[in-house]
Amino acid sequence: MNDQLAQGIVTKDHRETEFRRELRRAVRVMIEARWPVLALVILLATAVAAAFGPALAPFDPNRQNLVLRLADPLSSGPDGSVFWLGSDVLGRDVLTRLLYGARISLLVGIAAIVVGGTIGIVAGLLSGYFGGWVDDVIMRLGDIQLAFPFILLAIMFLVVLGSGIWNLILVLGVGQWVTYARIVRADTLSLREKEFVEAARALGDSTTSIIFRTILPNILAPLTVIASFNVASVILSEAALSFLGLGVPPSVPTWGSMLAESRDTLVANKWWLAVFPGVAIVLTVLSFNILGDWLRDFLDPRLRERT
Amino acid sequence: MNLRTLVARAGGVALFCLTVIVTACSQQPEDAIVVGLSADITTFEPGMISSRDNANIARHIFAGLFSLTSEGDHVPDLAHTLEISDDGTAYVYTLREGLTCHDGESLTAEDVAYTFNRIADPENRFTGNSPGFVFTSIGFQDAVALDDLRVQINLARKNPIAFGLITEIYIHCKDAYEAMTLDEAASNPIGSGSYRLASWTRGSEVVLEKTREPGNFQRIVWRIIPEASTRTAELISGNADIITNVVPEQVEAINGSGRAEVQVVSGTRRMYLGFSLSEGSRQMPGGEAIQDPRVRRALQYAVDVPTICRQLLSVECERATGLVNPPNDHPDLEPYPYDPSTAELLLDEAGWSRGSDGIRFAIRLQAGRARYVNDVNIVLAISQYLQDVGLDVEVDLMEWASVYTPLLHARSMGPLFFLGTGGGLWSPIYDMTDMAEVGSSTNYTHWDDDRWFSRWVDLAEASTPEETRSIIDEMLQVFYDDGPWLHLYFQPDFYGVSTRIDWTARRDERVFLFEAGLK
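Model, not experiment: these values are computed from the prediction. (Residues numbered from 1 in each chain as written. Chains lettered and ligands numbered in written order. Predicted model: local features only at pLDDT ≥ 70, side-chain atom pairs only at ≥ 80, totals over all residues.)

What follows is about the overall build of chain B. For chain B, the helix and strand inventory stands at 19 helices and 18 strands. For 519 residues, the compact-globule estimate of 2.2 N^0.38 gives 24 Å, and chain B sits close to it at 25 Å. In terms of overall dimensions, chain B has C-alpha extents of about 90 × 70 × 40 Å along its principal axes. Counting every position in chain B, which comprises 519 residues, the buried fraction comes to 50%. For chain B, long-range pairs separated by at least 24 residues make up 70% of all intrachain contacts whose partners lie at least 6 apart in sequence. (Helix = DSSP H or I, 4+ residues; strand = E, 2+ residues; numbered from the N terminus. Rg over C-alpha atoms; globule rule 2.2 N^0.38 Å. Buried ≥ 20, exposed ≤ 12 C-beta atoms within 10 Å, placed from the backbone. Contact = placed C-beta atoms within 7 Å.)

Now for the nonpolar core. V35, I220 and V379 of chain B are the most contacted members of the largest nonpolar core, which totals 152 residues. Each of domain 1 (62-178) and domain 2 (268-492) of chain B contributes no fewer than three residues to this core. If sequence neighbours within four positions are ignored, V379 of chain B has contacts with L365, A367, V395, L397 and F418 of chain B. Core analysis: the second largest hydrophobic core is formed by 66 residues, A71, L95, V184 and F276 of chain A among them. (Core = buried A, V, L, I, M, F, W, Y, C linked by C-beta atoms within 7 Å. Domains from an automatic or database assignment.)

The next point concerns the pairing of strand β16 (residues 485-498) of chain B. In summary, the side chains of a regular strand alternate between the two faces of the sheet. Residue and element names in this part refer to chain B. With 13 of 14 residues buried, β16 is to be regarded as a mostly interior element. Direction of pairing for strand β11 (residues 242-243) relative to β16: antiparallel, over a ladder of 2 bridges. Residue I243 lies in a different strand from β16, and its bridge partner there is G496. Alignment of strand β12 (residues 260-275) against β16, held across 12 bridges, turns out to be antiparallel. Residue pairing across strands places V264 opposite F494, the latter belonging to β16. (Pairing = 2+ DSSP bridges.)

What follows is about the pairing of strand β10 (residues 219-224) of chain B. Residues and elements named next belong to chain B. Where strand β1 (residues 32-37) and β10 come together, 6 bridges link them in parallel fashion. Opposite V35, over in β10, you have W222 as the bridge partner. Judged from the 5 bridges that link them, strand β9 (residues 205-210) and β10 form a sheet pairing that is antiparallel. Each bridged residue has a counterpart across the sheet, and for V206 the counterpart in β10 is W222.

Turning to the domain arrangement of chain A, a few remarks are in order. For chain A, the assigned domains are domain 1 (1-33) and domain 2 (40-61 + 85-304). Relative placement of domain 1 of chain A and domain 2 of chain A: their C-alpha centres are 31 Å apart.

Right, let's get into the environment of I290 of chain B. All names here are of chain B. Relative to the elements of secondary structure, I290 occurs in the loop between α10 (279-282) and α11 (293-300). Judged by the 23 C-beta atoms lying within 10 Å of it, I290 falls in the buried class. Between the C-alpha atoms of I290 and D458, which are 168 residues apart in sequence, the distance is 29 Å. Ignoring anything within four residues of it in the chain, the contact list for I290 reads F275, V295, R296 and P415.

Attention now goes to the sheet that holds strand β8 (residues 195-201) of chain B. Residue and element names in this part refer to chain B. Strand order in the open sheet made by the 10 strands is β8-β9-β10-β1-β11-β16-β12-β15-β13-β14, with mixed pairing throughout. Edge positions in the sheet fall to β8 and β14 (391-398), since each has one partner strand and no second. Pairing between strand β13 (residues 361-368) and strand β15 (residues 416-421): 2 bridges, direction parallel. By the bridge assignment, Q366 is partnered in β15 with F417. Contacts between helix α14 (residues 375-388) and the sheet are confined to β12, β13, β14 and β15, with β14 contributing the most and set at about 170° to the helix. (Axes fitted to C-alpha atoms, helices over the stretch in contact; angles between N-to-C directions.)

The subject of this paragraph is the domain arrangement of chain B. All names here are of chain B. Along its sequence, chain B is carved into domain 1 (62-178) and domain 2 (268-492). In this structure, domain 1 and domain 2 have C-alpha centres spaced 32 Å apart. Of the residues lining the interface, 12 residues belong to domain 1; the matching set on domain 2 comes to 14 residues. Take the side of domain 1 that touches domain 2: its biggest share by element is 4 residues, from helix α4 (residues 129-138). Considered class by class, the residues forming the side of domain 1 that touches domain 2 number 3 nonpolar, 7 polar and 2 charged. (Nonpolar A, V, L, I, M, F, W, Y, C, P; charged D, E, K, R; others polar.)

Structure, rendered in structure tokens:
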């Protein structure tokens, strides 16, 4: 008994040591690569803006002031308040809306990945583990969905369901599940024949336990990489749908809708209305992509030896 | 000459050639004119046409018995004379000889009678401007061909503006339309006007070809360009000759381009926020509150219309006092001032005090996108003003042609909706005719105040201009006090016109190109 306990403690200590070593390696590799550090800083800044937007924002994001519309960046209002990034066509502060927009972009990006990832992982696990008609049905459903251009599908759903943040998350999430399902299915197909799965089966573990406690933890690493790339593409899709007026209601500031609102004033040289939300989208998406790239390299066993 | 100089010169020449080619490519042919519209069109069925853009195209395909000039005069078109019976209920038109429809069929009095009776036929369930607005207003009974050239239109009652309203009917030929289903008729118009439909790519463009005079261009291309910046870019690049609904922020860019200029005209379209008083709307948030005329009156004080005009339309405007265009409006009514304190006081008195969250009641505000000048921003600005006096406004912006227009046709609007309705200057009664009956297709509000609707009989029977004016003013007072509109403004219209085109915009939004030409 004492031996077993000691062995357990040693195992736990060993895992903690292993984790610390991996963390140190991750930090070292990231610093050496440089760009991922910058990407992480940008994403952390975006996350802070999203989390503390209301506290940081100088104005109410929907507060209009028609008399102060289209104010240049750094211009002041009559009460001394400064529009750091200018005001929009309705006199709303661009900086404030940008901060609130970060909240929507990140929320939609991450929540949609959670929705799509959950559906895709479960579908992929079932498809790969059981095979046969379950596999056929799930994969054909995926094929059918992939046959439709995603934006068209999203527009169709949003027209039926109505616009709104939760509908948007649902639509964008559902649009992502096939990617996860296919990757999980492929990994499950190979893992289900491995010895440790056979062992779990021989020990009498239930099918649910084998799928979710034995196989799933072993395929999470590539999914993390996919998710990091997907967040970027979902943020872009949200921006595109908001640009088309199908995203969230007009009272909710998003980067995509801010960009859409800037269309009419671009020819009038009101550049700040398009540039700031555009830059925010580009930086966030780029950061997620750079981080995804780095994560992929970091988790790749072939590259691990080099680092 | 060294290599660098040679390359630089060759590059310069290539760039110049490219510019010339691109410029040449973007010039329209001399026999064609291209108009960029902001809203899509939905039908060419004469009984279903209702929007102004749709009507503008249709008027080139279908002629009327008489037509309305930009000066507000009615002049002969297919008909050359009109006789009205003493009791004012029979209108006899005499057609010009030798008229034909686009398929070559002779256009006779029988075709004109068929046109009127077909549009009025309840089996067809038409809901356009002709049956829903014109016929309900004039009390249309039936039309009878007296001989080949004379047709008699019978009305239920005398109506002082029936003559003007009848000009709005799109005349078409019997044989052609009897041979088509309603669906076929909606997309294959066989008209009586100067132009015939050559092609229609839904959501994209309509091409018309000239068949007879008047008209200076062989082809008219109507392109649907919902996005304002794209319309402007197309105008400046020479891909469009005329564009409608120029966004005020883009006026400077167009005028500075040297290729086009913006014509700003004081339009006759009445812009308003409608209070929908239907039973369906009553069940929605805010629907109950606006049933009370005191609430509607309170909200009149909540919106700063002159500031909206100045900031979002780049014009100074006087707020409307009703549904009649000046100078035909009620001379003694003052526009509601912007006075949020009064609005709050009246809302309190009406029993809608602010709750602990500062909200009096929630309400939905519906609007179409890209139909009117700067409409989205104006709707958002109005919602802000309403929020300032304690309303929780949910703004619902919809695609115009496929989502908002069907709601309008079905008169199924939510409690608050933003809309503009075309008006005229030739008679105050014309503007009031939107509310000719409770069930008029243009009474989107379902307003049913007897103090208004019972007066139409008095108006028809008035024997002197003074008596007519007095009744009109009494009706307008009711509309001002307890009406179903939150009065906004008469829309200024912004047209971008290429410098190669000789065309003058009208105040009544009719984009008629019969007299347009090259400079």
